[in-house]
Amino acid sequence: MARIVMKFGGTSVADTGHIRAAADRVKRARDAGDEVAVVVSAMAGATNQLAAWVGEIGVLPAGSYDDIAADAADRESDVVVATGEQVTCGLMARALQALGLKSRSWLAWQLPIVSDDAHGKARIESIEAKDLLAALAHGEVPVVPGFQGVTRGGRLTTLGRGGSDTSAVALAATLRADRCDIYTDVDGVYTSDPRIVAKARKLDKITYEEMLEMASVGAKVLQTRSVELAMKQGVRLQVRSSFSDGPGTLVVDEDEIVEKAMVSGVAYSRDEAKITLSRVADRPGVAAAVFGPLADANVNVDVIVQNVSADGRTTDLTFTVVKADLDRAVAILEARRKELGFAGLIQDRNVVKVSVIGVGMRSHAGVAQRMFKALAEKGINIQAITTSEIKISVLIAEEYTELAVRALHSAYGLDAD
Ligand code: ADP
Ligand code: ASP
Ligand code: MG
């Protein structure tokens, strides 16, 4: 007998038929003698619809980035977008009951699942396990909505897009589950997004570290924080299909993988936008002056490139921010144009970040060279480069996304036969 957390993503609960099929999967696990706690996402597309409605109501008055107003708006936004998971949570518990299982729903505030108050991107701080453990002991299947938390002050929060993965891992850690199974619309983690690389191969295993990098540079199959948490808490994480019975992909420690490929995956992110400040003063403290206010406003900066100055006085500074933060970032910088003393600000939404990831990079030489050569052969210009120990990312024009990802996939020998 094992204790399993089963998480069903949006496509796996897309309608009542899918919810019944997922419930059937839970029943099979129960019949095999396993204890099961279920985490559900909202129906596919539901969160987008809810977020769109929030957008239609309107944003803050132009030019007003008052912290209190922004916080108040974000709180109400969470109240709306968190409802998608409440719907599927109740429906799943009903579907399980219809199959003769004992089941009930537990919303975030009922347990509670306590998070910090960073609305829209909250972090889970703790989950009270008492009621869930009692339910499991009584042979019940508790169903918990993903994506939501509640602050100590009693306000509803959401964990950021894809956050149900993190809810599932946090629950698995709290319940000391033997496994956390993430059921989705692909049968595992692939060498690249199977939606754009037809020759992508399913990986039987991937290391936590690689999965963490893959997720953080755009592979949406798992939310980055869920991998981070699984790694830290030693949760056995598996990605598998809701639509077939294969074994999926296991996320494991590095020593469980014998053959280390030079590169294990290629990922891309269309979520970033590029800002270039031209002729910024080349003196100590400038980077701090530029990035400080952005950090204060919770704008994350990713790739940063600073040129050496030609005249010893000024230099160009290029960096990326999340597309959704671009307007805010530009407003913040423009408001400080005098103080920062830059000559021009160019913004560009037409970029994509393409990355290759692999723990094998530590022991192989020439990994970056192969990437640059493959892109050059396709005539793709690299606008910026950034690396970590097991990852190389480049910024290129968005229209080359598919071409670049496929070329790199081939260049590193990842194509399926
Ligand atoms: P869910 O709604 O179940 O959470 P997501 O859409 O969040 O599903 O994640 C699954 C999707 O992730 C797949 O449909 C696939 O297009 C995408 N994806 C991106 N990169 C990868 C990858 N390397 N391996 C598998 N899937 C990937
Ligand atoms: N429903 C949320 C989203 O679409 C959370 C999730 O599905 O993981 O991002
Ligand atoms: Mg997801």
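Here the structure is a predicted model, which means the values were calculated and not measured. (Residues numbered from 1 in each chain as written. Chains lettered and ligands numbered in written order. Predicted model: local features only at pLDDT ≥ 70, side-chain atom pairs only at ≥ 80, totals over all residues. Heavy atoms only, no water.)

Q: Any chance you could break down the overall build of the protein chain for me, citing the residues and the numbers?
A: Helix and strand content of the protein chain: 13 helices and 20 strands. On the principal axes, the C-alpha backbone points of the protein chain span a range of 75 × 55 × 30 Å. When contacts within the protein chain are restricted to residue pairs at least 6 apart in sequence, those whose partners lie at least 24 apart make up 75%. Accessible surface, the protein chain: about 19,100 Å² in total, of which carbon and sulfur atoms supply 50%. Here the protein chain contributes 48 positively and 55 negatively charged side chains, and the mean placements of these two sets differ by 1 Å. (Helix = DSSP H or I, 4+ residues; strand = E, 2+ residues; numbered from the N terminus. Contact = heavy atoms within 4.5 Å. Areas by Shrake-Rupley, 256 points an atom, 1.4 Å probe, with all protein chains shown as cover. Lys, Arg positive; Asp, Glu negative; His and termini not counted. Charge placed at Lys NZ, Arg CZ, Asp CG, Glu CD.)

Q: Any chance you could break down helix α7 (residues 208-216) for me, citing the residues and the numbers?
A: Burial of α7 is extensive: seven of the nine residues sit out of reach of the surface. Within α7 the residues assigned to the buried category are Tyr208, Glu210, Met211, Leu212, Glu213, Met214 and Ala215. Among the residues trailing α7, glycine 218 stands out with phi positive, at a value near 130°. (Buried < 20%, exposed > 50% of the residue type's maximum accessible area, 1.4 Å probe, protein only.)

Q: Before we move on, can you summarise the site of ligand 2 with the specific residues and values?
A: Around ligand 2 lies a shell formed by Ser41, Ala42, Thr47, Glu85, Phe147, Arg161, Gly162, Gly163 and Ser164. Threonine 47 has a polar side-chain atom sitting 2.7 Å from a nitrogen atom of ligand 2. Contact with the protein chains hides 87% of the accessible area of ligand 2, taken as 260 Å² for the molecule alone. Of the residues contributing to the shell around ligand 2, the split by class is two nonpolar, five polar and two charged. (Near = heavy atom within 4 Å. Polar contact = N/O pair within 3.5 Å; in protein donor to acceptor, adjacent residues only side chain to side chain. Nonpolar A, V, L, I, M, F, W, Y, C, P; charged D, E, K, R; others polar.)

Q: Now, about the packing of aromatic side chains: what can you tell me, with residues and values included?
A: The final tally for this structure, using the stated rule, is two aromatic pairs. Between the aromatic rings of phenylalanine 8 and tyrosine 183, the centroid separation amounts to 5.1 Å while the plane-to-plane angle is 20°, which identifies the pairing as stacked. Of this pair, phenylalanine 8 sits in strand β1 (residues 3-8) while tyrosine 183 sits in strand β9 (residues 179-184), placing them 175 residues apart in sequence. As far as burial versus exposure is concerned, phenylalanine 8 and tyrosine 183 are alike and both buried. Centroid distance phenylalanine 291 to phenylalanine 319: 5.0 Å. Interplanar angle 80°. Geometry classified as edge-to-face. A residue pair is termed long-range when its members are at least 10 positions apart, and phenylalanine 291 in helix α9 (residues 286-296) and phenylalanine 319 in strand β16 (residues 314-322) qualify at 28 residues. There is no split in this pair, since phenylalanine 291 and phenylalanine 319 are both buried. Across the ring face of tryptophan 106, the terminal group of arginine 104 is positioned such that the distance to the ring centre comes to 3.5 Å. (Phe/Tyr/Trp six-rings, centres within 6.5 Å; stacked < 30°, edge-to-face > 60°. Lys NZ or Arg CZ within 6 Å of the ring centre and 35° of its normal.)

Q: Please provide a residue-by-residue account of the sheet that holds strand β2 (residues 35-40), values included.
A: Adjacent strands of a sheet pair through backbone hydrogen bonds, lying either parallel or antiparallel. Pairing is mixed across the open sheet formed by eight strands, whose spatial order is β3-β6-β2-β1-β9-β11-β12-β10. Pairing within the sheet leaves two strands with one partner each, and these edge strands are β3 (102-105) and β10 (205-207). Taken pair by pair, the neighbouring strands of this sheet meet at an average axis angle of 20°, ignoring direction. As paired strands, β2 and strand β6 (residues 140-145) are joined by three bridges and run parallel to one another. The residue bridging valine 40 from the neighbouring strand is proline 145, located in β6. (Pairing = 2+ DSSP bridges. Axes fitted to C-alpha atoms, helices over the stretch in contact; angles between N-to-C directions.)

Q: Just give me the short version of the pairing of β9, but keep the residues and values in it.
A: On a regular strand, one side chain projects to one face of the sheet and the next to the other, so that they alternate. For β9, the buried fraction is high: five of the six residues fall into the buried class. Of the strand pairs in this sheet, β1 and β9 are connected by five bridges, and their pairing is parallel. Across the sheet, residue phenylalanine 8 finds its bridge partner in β9, namely tyrosine 183. As paired elements, β9 and strand β11 (residues 237-241) share five bridges and run parallel to each other. The residue of β11 that forms the bridge with cysteine 180 is leucine 237.

Q: I'd like a rundown of helix α1 (residues 16-31), residues and numbers included.
A: Taking 1.5 Å per residue, 16 residues should reach 22 Å; α1 reaches 22 Å between its end C-alpha atoms and fits that length. Looking only at α1, the buried set comprises Ile19, Ala22, Ala23, Arg25, Val26 and Ala29. End-on view of α1: buried residues confined to an arc of 150°, all on one side of the axis. In α1, the exposed residues that point more than 90 degrees away from the buried face are Arg20 and Asp31. Of the surrounding elements, those touching the buried residues of α1 are β1, β2, α4 (83-98), β6, β9 and β11. Two or three places before glycine 17, at the opening of α1, aspartate 15 has a side-chain oxygen 3.1 Å from that residue's backbone nitrogen. Glycine 33, located one to two residues past α1, shows a positive phi value of around 100°. (Expected span 1.5 Å × (residues − 1). Arc of directions from axis to C-beta.)

Q: Any chance you could break down the nonpolar core for me, citing the residues and the numbers?
A: Judged by nonpolar contacts, the single largest core of 41 residues is most densely connected at Val5, Leu171, Cys180 and Met211. Looking at this core, the elements that each hand over two or more residues are β2, α5 (130-137), α6 (164-174), β9, α7, α8 (224-233) and β11. Among the elements that line this core, the one with the most residues is α6, at six residues. Leave out the neighbours within four places in its chain, and cysteine 180 touches Val5, Ala168, Val169, Ala172, Val235, Arg236, Leu237 and Gln238. (Core = buried A, V, L, I, M, F, W, Y, C linked by side-chain atoms within 4.5 Å.)

Q: So, the pattern of salt bridges: which residues are in play, and what are the values?
A: A complete count under the given rule lists 26 salt bridges for this structure. One salt bridge connects arginine 362 with glutamate 209, and the closest N-O pair in it is separated by 2.6 Å. Taken together, the residues span a long stretch of sequence, with arginine 362 in the loop between β18 (351-357) and α12 (367-377) and glutamate 209 in helix α7 at a distance of 153 residues. Arginine 362 sits in the partly exposed class, given a relative accessible area of 36%. Owing to a relative accessible area of 28%, glutamate 209 belongs among the partly exposed residues under this scheme. For glutamate 398, the salt bridge goes to arginine 270, with nearest N and O atoms at 3.2 Å. Here the residue glutamate 398 occupies a position in the loop between β20 (391-397) and α13 (401-411), and arginine 270 occupies one in the loop between β13 (265-269) and β14 (272-281), the gap between them amounting to 128 residues. Glutamate 398 sits in the partly exposed class, given a relative accessible area of 23%. Each member of the salt-bridge network shares a partner with another, and the members are Glu209, Glu254, Arg362 and Glu389. (Salt bridge = Lys/Arg side-chain N within 4 Å of Asp/Glu carboxyl O.)

Nothing here speaks to function; it is all geometry.
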